[in-house]
Amino acid sequence: MTLATLYPPMAAATILNVFLFALAWKGTQIEKRDGEPPWSLVLGLLAYLGALGAFVYFSLNRPLVSGFDVFMVAFGAQAMGGAIVHALLHAFIFSRGQRKADRAFAFVGALFLAGIMVAGVLGT
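Heads up: these notes are all about the structure in this document. Residue numbering note: each chain is counted from 1, following its sequence as written. Note on the predicted model: pLDDT of at least 70 is required for a residue's local features to be given, and 80 or more for side-chain atom pairs to be given and counted; whole-chain, interface and lining totals, by contrast, use all residues. Excluding hydrogens and water, the side-chain values take into account all heavy atoms of the structure.

### Focus on the packing of helix H2 (residues 39-59) against helix H3 (residues 67-94)
Across the interface, H2 lies against H3 with an axial gap of 10 Å and an inter-helix angle of 130°. What the angle tells us is that H2 and H3 run oblique. The two elements H2 and H3 cross, and the hand of that crossing is left-handed. Of the residues in H3, those touching H2 at Tyr48, Ala51, Leu52 and Phe55 are Phe68, Asp69, Met72, Val73, Phe75, Gly76 and Ala79. Axis angles are defined between N-to-C directions and span 0 to 180 degrees, where every axis is a line fitted to C-alpha atoms and, for a helix, only to the segment in contact. The secondary structure listing takes helices from DSSP runs of H or I that are at least 4 residues long and strands from runs of E that are at least 2 residues long, numbered from the N terminus. To sort the angles, those under 35 degrees are grouped as roughly parallel, those over 145 as roughly antiparallel, those from 65 to 115 as roughly perpendicular, and the leftovers as oblique. Helix crossings fall into two classes, left-handed where the near helix is turned counterclockwise from the far one by less than a right angle and right-handed where it is turned clockwise. The contact criterion used throughout is that any non-hydrogen atoms of two residues lie within 4.5 Å.

Shown next as structure tokens:
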């Protein structure tokens with residue numbers, strides 16, 4: 001694959017992720033206000049994880065060669081980056097005044113996800 005063929009799938013994944021992150025942020029705000037997450041947030045997160053999980057499951061033992069493969073890898077990597085940023089924000093900003101155990105859990109979760117990402121980069 002040439003570099004020019006990598007841009008469109010990565011750009012599409014970025015645009016879709018920004019849109020989905022904005023919807024998730026709106027769902028999180030509704031959850032804070034009402035005390036429970038809206039059904040659309042739960043369904044969206046399950047669909048997001050389901051799509052990524054199905055792609056990983058069906059692509060484990062084959063080389064990634066198509067634009068769709070690049071799109072899904074970028075989609076998943078950006079989701080992991082977003083999860084790391086959200087966990088760090090939760091640990092240091094959103095949870096001020098809460099118990100230290102809750103804050104530490106979010107921080108350890110962010111470190112775990114960052115470790116997986118670093119291991120993936122160094123392992124290739």
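Now that the structure is up, let's keep going.
### A word on the nonpolar core
Among the buried residues, those of types Ala, Val, Leu, Ile, Met, Phe, Trp, Tyr and Cys that are joined through side-chain atoms within 4.5 Å form a nonpolar core. Residue exposure (1.4 Å probe, protein chains only): buried if accessible area is under 20% of the type maximum, exposed if over 50%, otherwise partly exposed. Listed in full, the nine residues of the largest apolar core are Ala13, Tyr48, Leu52, Phe55, Phe71, Met72, Ala74, Phe75 and Ala79. Mapped by element, the contributors of at least two residues to this core are H2 and H3. Take this core: its biggest share by element is five residues, from H3.

### Re the packing of aromatic side chains
Aromatic rings from Phe, Tyr and Trp, taking only the six-membered ring of Trp, are treated as a pair when their centres fall within 6.5 Å; an angle between ring planes under 30 degrees marks them as stacked, one over 60 as edge-to-face, and anything in between as tilted. With the rule as written, the count across this model stands at six aromatic pairs. Ring plane angle 80° and centroid distance 5.0 Å describe the contact between Tyr57 and Phe58, whose orientation is recorded as edge-to-face. Classification of Phe58 by relative accessible area gives exposed; the value is 62%. Centroid distance Phe71 to Phe75: 5.6 Å. Interplanar angle 15°. Geometry classified as stacked. On the criterion of helical spacing, the pair formed by Phe71 and Phe75 is a turn pair, its members being four residues apart in helix H3. Taking relative accessible area as the criterion, Phe75 reaches 5% and is therefore assigned buried. One aromatic cluster is present, built from ring pairs that chain together Tyr48, Phe55, Phe68, Phe71 and Phe75.

### Let's talk about a nonpolar patch on the surface
Surface patches are drawn from residues lacking salt bridges whose relative accessible area is over 30%; two like charges belong together within 9 Å, two nonpolar side chains (Val, Leu, Ile, Met, Phe, Trp, Tyr) within 5 Å. The protein chains shown are the only cover counted for residues, whose accessible areas, like all others here, come from Shrake-Rupley with a 1.4 Å probe. A pair is scored as a salt bridge if a Lys or Arg side-chain nitrogen falls within 4 Å of a carboxyl oxygen belonging to Asp or Glu. On the surface, a nonpolar cluster with roughly 860 Å² of combined accessible area is contributed by Trp25, Val85, Leu88, Leu89, Phe92, Ile93, Phe94, Phe107, Val108 and Leu111. Of all the elements in the fold, those that place two or more residues in the nonpolar patch are H3 and helix H4 (100-122). Residue contributions to the nonpolar patch peak at six residues, all from H3. Tracing the backbone through its elements, the reader meets Trp25 in helix H1 (residues 3-34). A relative accessible area of 42% places Trp25 in the partly exposed class.

### A few points about the environment of Ala74
By the element assignment, Ala74 lies in helix H3. For the pair Ala74 and Thr14, spaced 60 residues apart in the sequence, the C-alpha separation amounts to 7.7 Å. Residue contacts for Ala74: discarding those within four places in its chain leaves Met10, Ala13 and Asn17.

### Considerations on the pattern of salt bridges
Any two side chains of opposite charge can pair, so long as their charged atoms come close to each other. Applying the stated criterion to the full structure yields two salt bridges. Here Arg33 makes a salt bridge to Asp34, at a shortest N to O gap of 3.2 Å. Looking at Arg33, the relative accessible area reads 61%, which means it is exposed. Two residues, Asp69 and Arg62, come together in a salt bridge whose shortest N-O distance is 3.1 Å.

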